[in-house]
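Per-entry structural report
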Amino acid sequence: MDSDVVVVGAGASGVCAAIAASRTGARVLLVERRAFPGGASTASLVGPLMGFWNGEEQIVRGIPDEIVNRLVEMGASRGHLRDPLGFCDRLTPVDPVALRLLYFEMLAEAGVRCLWGASLAGVDVCAGRLAAVRFAFKDGTTASVSANVFIDATGDADLAALSGAECVLPGEGSDAPQPMTTIFTMRGVDFDPVRDAIMRNPKNFYLAPRYESSAERMEYVAVSGYYKEVRRGGEDGSFAVPRDRLLFFQGVRDDEACVNTTRIGGFRGQVGEDISRAQDEGVRQVFVVADFLKKRIAGFERAWIDRVGEIGVRESRRIVARATLCEDDLLSGRVFRSSVAIGGYPIDVHSADGAGLETACVPRYGIPFEIMLPRGIEGLLVTGRAVGMTHLAAASVRITATAMALGQAAGTAAALCAFGGIMPSVLDVERLQDRLDRDGVVF
């Protein structure tokens, strides 16, 4: 199973990294602890996808947009729609089951070899360079895989930390990690009463300006609100969830709601016991929220829980990289000479110990290649939410479309390094940018 490039973690970022590396000509092995790809987008039902647009500009293209276009052709996505909340310009509803199957298909088309159900078990580091990674299987057997370049797409910097790279843990300083969420879907929803409620009392919701006057009826439904109902539910005990609002989105199907309302704070995403306890609390909250929707929100009377995702982690361990992306870079719209992707999703901080939400809009900003290079180890690139950035920068960069763009950049870079027999730390970034440009990437 030795390869030019080994990608550990098959979430959205890891899948894009593997496809990009293989299309660039490398022999690629993708290793995932689950039995399927997609990570948060498929296992945790995170949707709709966000971060593809900033204002009137589409800032994420390349492989991520190819995925969306293919889902649209399959009837498994509504495409890029204007956000009725006015929060992230456009959002992209997708069917997580179809997305999972499409990932399988695209990985096979690209010639990526996949190893499912394999857990990270150890590493071999020689003279400061990651040389091989060991994986364990359910039957107790193990395998050691070597490569020219490895990509950590675990989301939690698991491979980087195990290899001896410097890392930071949220909560060690003044910034507590963002809370986790258990997302679930409900079917049998009638969205007409929801639209009526918004038009009757728009001040009870967070809305884009065109809906605030109630002059326009919402076609695609996204809801952040029912503030009065939630406050009343908190007072009478029927809404025992630390949130100040309901948050849900219409799915690909007209009667489907993707509910992103649960809030599970005080747990660490890189700690096994915390994940277990958070999952238990998340499921408890799912029942509370679903019952509240059915009893208190018109349109949900006949709805039922259709799917429940794994616990979704917003923030966990990150690497100390050769550069650090900070909130000032985002707020100023800084574009670096070494940019390999563009972000533009708002800074979006869910309170770790309260019910609220703090946000700040940002212009388009560049993401430099150096934040993917961990200090203390060679032969390794990091992609996804574990790159080198501050707590507030992570509140924007963590979003799915941005993670996918980072994945394409990491995979392309890894393949170029493998061909050249060089480490990522000495890669000519202009050469990487030239290839990304030819592959339709905005950077």
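Described in the following lines is the structure provided in the data block. (Residues numbered from 1 in each chain as written. Predicted model: local features only at pLDDT ≥ 70, side-chain atom pairs only at ≥ 80, totals over all residues. Heavy atoms only, no water.)

Here we come to the sheet that holds strand S3 (residues 49-50). Here three strands make up an open sheet; going across it, the order is S3-S7-S6 and the pairing antiparallel. Edge positions in the sheet fall to S3 and strand S6 (81-82), since each has one partner strand and no second. With two bridges connecting them, S3 and strand S7 (residues 90-92) associate as antiparallel partners. Its bridge partner lying in S7, Met50 is registered against Leu91. (Pairing = 2+ DSSP bridges. Helix = DSSP H or I, 4+ residues; strand = E, 2+ residues; numbered from the N terminus.)

Note on placement: Val259 falls in strand S16 (residues 257-259). Sequence separation of Val259 and Phe184 is 75 residues, and the distance between their C-alpha atoms is 5.4 Å.

What follows covers the nonpolar core. Among the nonpolar cores identified, the biggest contains 99 residues, and Val5, Val7, Ile67, Leu325, Phe369, Met372 and Leu381 are the most heavily contacted of them. If you tally residues by element for this core, the top one is helix H11 (residues 400-420), at 12 residues. With residues near it in sequence (within four places) discarded, Val5 still touches Ala21, Ala26, Arg27, Val28, Leu29, Ala147, Val149, Ile151, Ala414, Ala415 and Ala418. Core analysis: the next-biggest nonpolar cluster, separate from the first, contains 31 residues, Ala197, Ala208, Val230 and Phe239 among them. (Core = buried A, V, L, I, M, F, W, Y, C linked by side-chain atoms within 4.5 Å. Buried < 20%, exposed > 50% of the residue type's maximum accessible area, 1.4 Å probe, protein only. Contact = heavy atoms within 4.5 Å.)

Turning next to the state of the cysteines. Across all of its chains, the model carries zero disulfides by this definition. With no disulfide partner, Cys258 has as its closest neighbouring cysteine sulfur the one in Cys88, 13 Å distant. Cys361 provides the cysteine sulfur closest to Cys326, a residue in no disulfide bond, and the two sulfurs are 18 Å apart. (Disulfide = S-S within 2.5 Å.)

A few words now on the packing of helix H1 (residues 12-23) against helix H3 (residues 96-110). In the contact formed by H1 and H3, the axes pass within 9 Å of each other and the chain directions differ by 20°. Considering the angle they form, H1 stands roughly parallel to H3. Where H1 crosses over H3, the handedness of that crossing is left-handed. On the side of H1, the interface is formed by Ala12, Val15, Ala18, Ile19, Ser22 and Arg23, while H3 contributes Tyr103, Met106, Leu107 and Ala110. Within the contact of H1 with H3, the residues separate by chemical class into eight nonpolar, one polar and one charged. (Axes fitted to C-alpha atoms, helices over the stretch in contact; angles between N-to-C directions. Parallel < 35°, antiparallel > 145°, perpendicular 65-115°, else oblique. Left-handed = near helix turned anticlockwise from the far one by under 90°. Nonpolar A, V, L, I, M, F, W, Y, C, P; charged D, E, K, R; others polar.)

A few words on the packing of H1 against H11. At their nearest, the axes of H1 and H11 sit 7 Å apart, and the two run at 30° to each other. The hand of the H1/H11 crossing is right-handed. Contact residues: H1 offers Ala12, Ser13, Cys16, Ala17, Ala20 and Ala21, while H11 offers Thr400, Ala403, Met404, Leu406, Gly407, Gln408, Gly411, Thr412 and Ala415. Grouping the amino acids of the contact of H1 with H11 by side-chain chemistry returns nine nonpolar, six polar and no charged.

One open sheet accounts for five strands, arranged S14-S15-S16-S13-S17; its pairing is antiparallel. Unpaired on one side and paired on the other, strand S14 (222-225) and strand S17 (304-308) mark the two borders of the sheet. Here the strands of the sheet are splayed against their neighbours by 25° on average, with no regard to which way each runs.

Strand direction decides the pairing type here: strand S20 (residues 347-350) and strand S21 (residues 357-360), joined by four bridges, are antiparallel. Opposite Val349, over in S21, you have Glu358 as the bridge partner. Counted along the chain from S20 to the antiparallel partner S21, the turn is six residues long.

With respect to the helices and strands, Gln408 occurs in helix H11. When near neighbours in sequence (up to four residues on either side) are disregarded, Gln408 contacts Cys16, Ala17, Ala20, Arg61, Gly62, Ile63, Pro64, Leu436, Asp439 and Val441.

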